[in-house]
Amino acid sequence: MSRFWSSVVHNLSPYVPGEQPKLDGIIKLNTNENPYPPSPRVLAAIVSATDHLRLYPDPHASLLCETIAARYGVAPEEVFVGNGSDEVLAHTFQALLKHDEPLLFPDITYSFYPVYCRLYGVRYEEVPVDAAMRVQIADYRRTSSAILLANPNAPTGIGLAREAIEALVAEHPDQLVVIDEAYVDFGAESAVPLVARYDNLLIVQTLSKSRALAGLRVGFAIGQRPLIEALERVKGSFNSYPLDCLAIAGAVAALKDDAWFEDTRERIIASRESLVHALSELGFAVLPSVANFVFARHRDRGGAFLAAKLRERGVLVRHFQKPRIKDFLRITIGTEDQCKRLIALTRGLI
Ligand SMILES: Cc1ncc(COP(=O)(O)O)c(C=O)c1O
């Protein structure tokens, strides 16, 4: 604390990301990274982009917006890009979610949302997920300015069908609905096809997970032009160049390598199914996941105990010391070998 702090700083409680250990040989299943490397084309594109390091990057990252637009069947003006989807979300909170009525999001969801609310002074209410940890869209029939859902939700991994998202968006024409699709490529249904029909829908995605580019920091939003304009206005008042030229080149290359994308995500989905099976045999209840992680609770052993013991044995998983979910572990899907090692070690702990 210091007398130089702005008053807002006193009230912040920053997000605590999962551990990024410096040690070699750790099996890292704690931050939902992709266990496979990005497309080899990414590295080649980044190397050739180094020719331009002397210059500022394109402030609009036009090539990337065009590439995203072509892939998702929208106009480039319906795309906003930022330094990771965290930054895209941050701008969304400031540009579109700060109103008199509260923003609604589930009580069990990405824990960055309340952090942004405190930073930007956004009123919010948490809507409890049901006993099965599912989001029930009927529970969002209450006074609000906007609704924010991660789909699939994190840390549960449970997905909502596009039909349910559409029902929510149609039922709340005067509230903005933001869908955070960070994990959508691992088996959920994207709501992007709805954007053309609904001016109150904004989709946020990332290249950190299914494109294996968490270290490059690229996220994007898709929505109708007035929503994108709001994000552009905040971005242009904050940092003209959030994406450097290496990130732009790498992201474009990743989005163009469909074969790599399909192959790695199919492998992750297959490993998820085997991991769910193996965990169930060990006495875990595993929530139905369509993400690159599973959320599981053992019938006898607590989440904190298992996370600590696995850590001692060189495997990192995520545990949240929070009401309703403190008995759970969130386990990122690793390579097949990593998943086998996790299962072997867990067997020795229960
Ligand atoms: C639900 C959700 N949204 C957004 C993000 C942010 O991802 P990034 O900033 O790497 O794009 C994460 C990261 O783990 C997440 O779990």
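**Student:** So what's going on with the sheet that holds strand 10 (residues 293–298)? Which residues, and what values?
**Tutor:** Spatially, the 3 strands line up as an open sheet ordered 9-10-12, and their pairing is antiparallel. Where the open sheet ends on each side, the last strands, each with one partner, are strand 9 (284–286) and strand 12 (328–332). In this sheet, adjacent strand axes meet at a mean angle of 35° when their direction is disregarded. Relative to strand 10, strand 9 is paired through 3 bridges, and the arrangement is antiparallel.

**Student:** Can you lay out the sheet that holds strand 5 (residues 146–150) for me, pointing to particular residues and giving the numbers?
**Tutor:** In a beta sheet, neighbouring strands are held together by backbone hydrogen bonds and run either parallel or antiparallel to one another. One open sheet holds the 7 strands; their spatial order is 2-8-7-6-5-3-4, and the pairing between them is mixed. The two strands at the open ends of the sheet, each matched to only one other strand, are strand 2 (79–82) and strand 4 (124–127). Neighbour-to-neighbour, the strand axes of the sheet open up by a mean angle of 20°, direction not taken into account. By the bridge criterion, 2 bridges tie strand 3 (residues 103–106) to strand 5 in an arrangement that is parallel. Residue pairing across strands places leucine 104 opposite isoleucine 147, the latter belonging to strand 5. Helix 3 (residues 62–72) rests against strand 2, strand 7 (201–206) and strand 8 (219–223) of the sheet, and its axis sits at about 130° to strand 2. Against the sheet, helix 6 (residues 162–171) contacts strand 5, strand 6 (176–180) and strand 7, and its axis sits at roughly 155° relative to strand 6.

**Student:** Report on the pairing of strand 12, specifying residues and quantitative values.
**Tutor:** For strand 12, the buried fraction is high: 5 of the 5 residues fall into the buried class. Because side chains alternate across strand 12, one face comprises the buried residues Phe328, Arg330 and Thr332, and the other comprises Leu329 and Ile331, equally buried. Across 5 bridges, the pairing between strand 10 and strand 12 is antiparallel. Looking at the pairing, arginine 297 lines up with phenylalanine 328 of strand 12.

**Student:** Run through the side chain of threonine 109, naming residues and quoting values.
**Tutor:** By secondary structure assignment, the location of threonine 109 is in the loop between strand 3 and helix 5 (112–120). A polar contact of 2.8 Å, which involves the side chain of threonine 109, links it to the side chain of asparagine 153.

**Student:** If you had to explain the site of the ligand to someone new, which residues and values would you point to?
**Tutor:** In the vicinity of the ligand, the residues found are Gly84, Ser85, Asp86, Leu89, Tyr110, Asp180, Ala182, Tyr183, Thr206, Ser208, Lys209 and Arg217. Tyrosine 183 is positioned such that a nitrogen or oxygen atom in its side chain is 2.7 Å from an oxygen atom of the ligand. Take lysine 209: an N or O atom from its side chain is 2.9 Å from an oxygen atom of the ligand. In terms of residue count, helix 4 (residues 84–96) provides more of the shell around the ligand than any other element does, 4 residues in total. Broken down by class, the residue content of the shell around the ligand amounts to 4 nonpolar, 4 polar and 4 charged.

Rules of the game
- Residues numbered from 1 in each chain as written.
- Predicted model: local features only at pLDDT ≥ 70, side-chain atom pairs only at ≥ 80, totals over all residues.
- Heavy atoms only, no water.
- Pairing = 2+ DSSP bridges.
- Helix = DSSP H or I, 4+ residues; strand = E, 2+ residues; numbered from the N terminus.
- Axes fitted to C-alpha atoms, helices over the stretch in contact; angles between N-to-C directions.
- Contact = heavy atoms within 4.5 Å.
- Buried < 20%, exposed > 50% of the residue type's maximum accessible area, 1.4 Å probe, protein only.
- Polar contact = N/O pair within 3.5 Å; in protein donor to acceptor, adjacent residues only side chain to side chain.
- Near = heavy atom within 4 Å.
- Nonpolar A, V, L, I, M, F, W, Y, C, P; charged D, E, K, R; others polar.

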